[in-house]
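# Per-entry structural report
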Amino acid sequence: MFDAMVDGWAQQQRAKFLRESTIGPRMRLVRRFAEFAGLYPWQWTPEEGEAWISHLRSGPTPLRLSTVRGYEVDIGLFCAYLVDVRYDWSTECIARFGRAPVQVFHENNSIIHVGEYEGDPGRRPLTYDEVQALFDAADARVAQIRSRGRKGAIPALRDAVALKYCYAYGLRRQEVSRSDVVDLRRNSKFPAFGRFGALTVRHGKASRGGPPKRRTVLTVPEISWIVDILDHYLTEVRSELDHTGHPALFLTERGTRLGVRALNTAFATARDAAGIDPTLDLHSLRHSYVTHLVEFDYPERFIQEQVGHAFSSTTAVYIGVSNEYRNGLLMQSIHARYGHLLNDGTPT
């Protein structure tokens, strides 16, 4: 019966058009909780849920708050499915076992969401110097491989381009992996950029139950150096990897689409070679892109649309402007308000 409950919940989620990548982990989590409790769902009580959370928080590597909340939400959704009178699980459990399922997590034993951002406080944007050091390290790896006469220079060059591409368009790692050559487009307002004036993102992060979101990311003049890099990559490098006419922008040595794991490895390799904070990951480049657009004085709405955020509050948590930029704003304000006092210290 437990298997039937889990399968029924999976069907409910598929009816809501949730992705299998969401449903699968939820199913495994339910079974994991059942294994911990040593009880069937109709025997679960809030005490089992609280004991599980206490267990998850103990040990040398306790889970993060946002992760634990996600677990509570998922188990809570499963319990909500079981107690929903439209599915008759309560009636059947009472008839068979003399007791009905109950909600394990409720408002008095669940983590309250009080902040807009609860991610790792260590995650931050890279500074301009760090971005440059990262790219220099990626380029240096290509030169090192060539100087030793070893294979791998072409993949290393591809990795260097992929990292720069990720930053130049503020992309998520999945968006980099899913990019195709045809997604690179012209922008009639900037003909000098050629076919690299804009990027169509067709596999943006989907809302729950919805299809991948689309957006167009414009190449900004301050990061237009990506134009020459992509042109060289498509002209001289990608052809060495394209064995089957694959549409992907970034290909493996076998001519298949470069995956997210390979992109993560490319970033970690360059990051470590550059001596950059090891807690930073590939997504930090997206944070850097947002922060630097703010420092380039682009409007908030423009930045929000560039990165595909539905709400400006989401974009706001990506921003970590430098002290230099903030001091510049401060000086502008001082000059605007008190400029008449700054020449000789006396009013004019």
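Everything in this summary refers to the structure shown in the same document. (Residues numbered from 1 in each chain as written. Predicted model: local features only at pLDDT ≥ 70, side-chain atom pairs only at ≥ 80, totals over all residues. Heavy atoms only, no water.)

All right, on to a negative patch on the surface then. On the surface, Asp228, Asp231, Glu236 and Glu240 cluster together to form a negatively charged patch. The residue Asp228 is located in helix α9 (residues 225-237) in this model. With a relative accessible area of 59%, Asp228 lands in the exposed category. (Patch = residues over 30% accessible without salt bridge, like charges linked within 9 Å, V, L, I, M, F, W, Y side chains within 5 Å. Areas by Shrake-Rupley, 256 points an atom, 1.4 Å probe, with all protein chains shown as cover. Salt bridge = Lys/Arg side-chain N within 4 Å of Asp/Glu carboxyl O. Lys, Arg positive; Asp, Glu negative; His and termini not counted. Charge placed at Lys NZ, Arg CZ, Asp CG, Glu CD. Helix = DSSP H or I, 4+ residues; strand = E, 2+ residues; numbered from the N terminus. Buried < 20%, exposed > 50% of the residue type's maximum accessible area, 1.4 Å probe, protein only.)

Core analysis: the largest hydrophobic core is formed by 51 residues, its most contacted members being Leu134, Tyr165, Tyr169, Leu184, Leu230, Phe250 and Leu285. Counting only elements with at least two residues in this core, the list comes to α6 (128-147), α7 (153-168), β2 (198-204), α9, α10 (260-274), α11 (284-295) and α12 (300-307). Tallying contributions element by element places α7 first for this core, with 11 residues. Within the second largest apolar cluster, 29 residues are counted, among which are Val30, Ala37, Ile75 and Val104. (Core = buried A, V, L, I, M, F, W, Y, C linked by side-chain atoms within 4.5 Å.)

Mapped onto the fold, Gln306 is located in helix α12. Since its relative accessible area comes to 2%, Gln306 is described here as buried. Within polar-contact distance, the side chain of Gln306 engages the backbone nitrogen of Leu218 at 2.9 Å. Non-local contacts of Gln306, meaning those with residues more than four positions away in its chain, are made with Arg215, Thr216, Val217, Leu218, Val220 and Tyr289. (Polar contact = N/O pair within 3.5 Å; in protein donor to acceptor, adjacent residues only side chain to side chain. Contact = heavy atoms within 4.5 Å.)

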